[in-house]
Amino acid sequence: MTEQTHVLFVEDDDVIREATQLTLERDGFAVTAMPDGLSGLEAFRARRPDIALLDVMVPGLDGVSLCRRIRDESTVPVIMLSARADAIDVVLGLEAGADDYVTKPFDAAVLVARIRAVLRRFGHAGGDRHDDRGAASGGVLTFGALEVDTEGMEVRRAGEPVALTPTEMRLLLEFSTAPGTVLSRDRLLERVWDYGWGGDTRVVDVHVQRLRTKIGQDRIETVRGFGYKLKA
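What you see as residue numbers is a count from 1 along each chain, following the sequence as written. Per-residue local features are limited, in this predicted model, to residues with pLDDT of at least 70; the limit for side-chain atom pairs, both in listing and counting, is 80 or more; totals at the level of whole chains, interfaces and linings are taken over all residues. Only hydrogens and water are removed before side-chain values are computed, so all heavy atoms of the structure are retained for them.

### A closer look at the overall build of the chain
Numbering goes from the N terminus for both helices and strands, where a helix is a DSSP run of H or I of at least four residues and a strand is a run of E of at least two. When helices and strands are counted, the chain shows eight helices and 11 strands. Contact between two residues is taken to exist if any of their heavy atoms lie within 4.5 Å; hydrogens are not considered. Sequence-distant contacts in the chain: of pairs separated by 6 or more residues, those separated by 24 or more amount to 59%. Working note: accessible area of the chain is about 10500 Å², and carbon and sulfur atoms make up 48% of it. What sets the accessible areas is the Shrake-Rupley method with a 1.4 Å probe; for residues, cover comes only from the shown protein chains.

Here you go:
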């Protein structure tokens, strides 16, 4: 990285916070580490990091609530950390606007890989949002009342602008380039989340549901046992 990527890390466990901060700094990241949600929100507003790494269970303002507050103000990528692989923790974090999650205890190399994968999707750390995973050829694609501008990265529904996070936009672009084609969850994990390994398909399911609430519940169809498809 020619310019250091700034990570906001909110974690109340002193040992985990200090060890993870050292690991990230050794990998070239600049890290602001905070022990609770309220100080994390203050640091976010003051320093505007490139990515936020939030533990679910932190005092003052829990990680899910902090994620919602961040999402109200910014589309900065967010990764949630949870000590449990419990479905409720995962879904709540993703529904709050998180782009990915990592379960503790985690391997430091895996965490760094997940951070870099998210940053590539958002155009940081040498990534490029306009790669072959989007519709780079340009133009406005129309699906009923839905319009997707693949050059301007804008979406309209019945003429009204639709605000999408970068991950939601990439997901919609993936569907838009293959309307009517069933896309498996594994393919979407690889193409949208940049996973070169198996991942939790709940990430896909929650993001599809979030996308449906914005572009229309009936626009993306579930094909049971196979995946999802965008209605042409």
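### Focus: helix H3 (residues 63-73)
Burial classes follow relative accessibility: with a 1.4 Å probe on protein chains only, a residue under 20% of its type's maximum area counts as buried, one over 50% as exposed, and anything between as partly exposed. Every buried residue belonging to H3 is among Gly63, Val64, Leu66, Cys67, Ile70 and Arg71, and all of these are buried. In an axial view of H3, the angular spread of the buried residues amounts to 160 degrees, which keeps them on one side of the axis. In protein, a polar contact requires one atom able to donate a hydrogen and another able to accept it; more generally it is a pair of N or O atoms within 3.5 Å, and residues adjacent in sequence count only if both atoms are side-chain atoms. Capping of H3 at its N-terminal end is provided by Asp62; its side-chain oxygen lies 3.0 Å from the backbone amide nitrogen of Val64. Within this analysis, the arc is defined by the directions that extend from the helix axis to the C-beta atoms.

### Side note on the sheet that holds strand S7 (residues 146-149)
Any two strands with at least two DSSP-identified bridges between them are counted as paired. Spatially, S6-S7-S8-S9 is the arrangement adopted by the four strands of the open sheet, whose pairing is antiparallel. Whereas interior strands pair on both sides, the edge strands pair on one side only; in this sheet they are strand S6 (140-143) and strand S9 (160-161). One ladder, built from two bridges, connects strand S8 (residues 154-157) with S9; its direction is antiparallel. Looking across to S9, one finds that Arg156 is bridged to Pro161. Across the sheet, helix H6 (residues 166-176) is in contact with S6, S7 and S8; its angle to S7 comes to roughly 105 degrees. Inter-axis angles, ranging from 0 to 180 degrees, are taken between N-to-C directions of lines fitted to C-alpha atoms, where helices are fitted over the stretch in contact.

### Examining the pairing of S8
As paired elements, S7 and S8 share four bridges and run antiparallel to each other. Its bridge partner being in S8, Glu147 is matched across the sheet by Arg156. Counted along the chain from S7 to the antiparallel partner S8, the turn is four residues long, and its residue Met153 has a positive phi close to 55 degrees. Taking the residues that link successive antiparallel strands as the turn, the S8-S9 hairpin has two residues, and the phi of Ala158 there is positive, at about 55 degrees.

### Some words on the sheet that holds strand S2 (residues 30-34)
In space, the five strands of this open sheet follow the order S2-S1-S3-S4-S5, with parallel pairing throughout. Two strands in the sheet have a free side with no partner beyond their single neighbour: S2 and strand S5 (100-103). The mean angle between the axes of side-by-side strands here comes to 20 degrees, regardless of whether they run parallel or antiparallel. Pairing of strand S1 (residues 6-10) with strand S3 (residues 51-55) involves four bridges; the strand directions are parallel. Bridging across to S3, Val7 finds its partner in Ile51.

Functional significance is not addressed by these values, which are geometric in nature.
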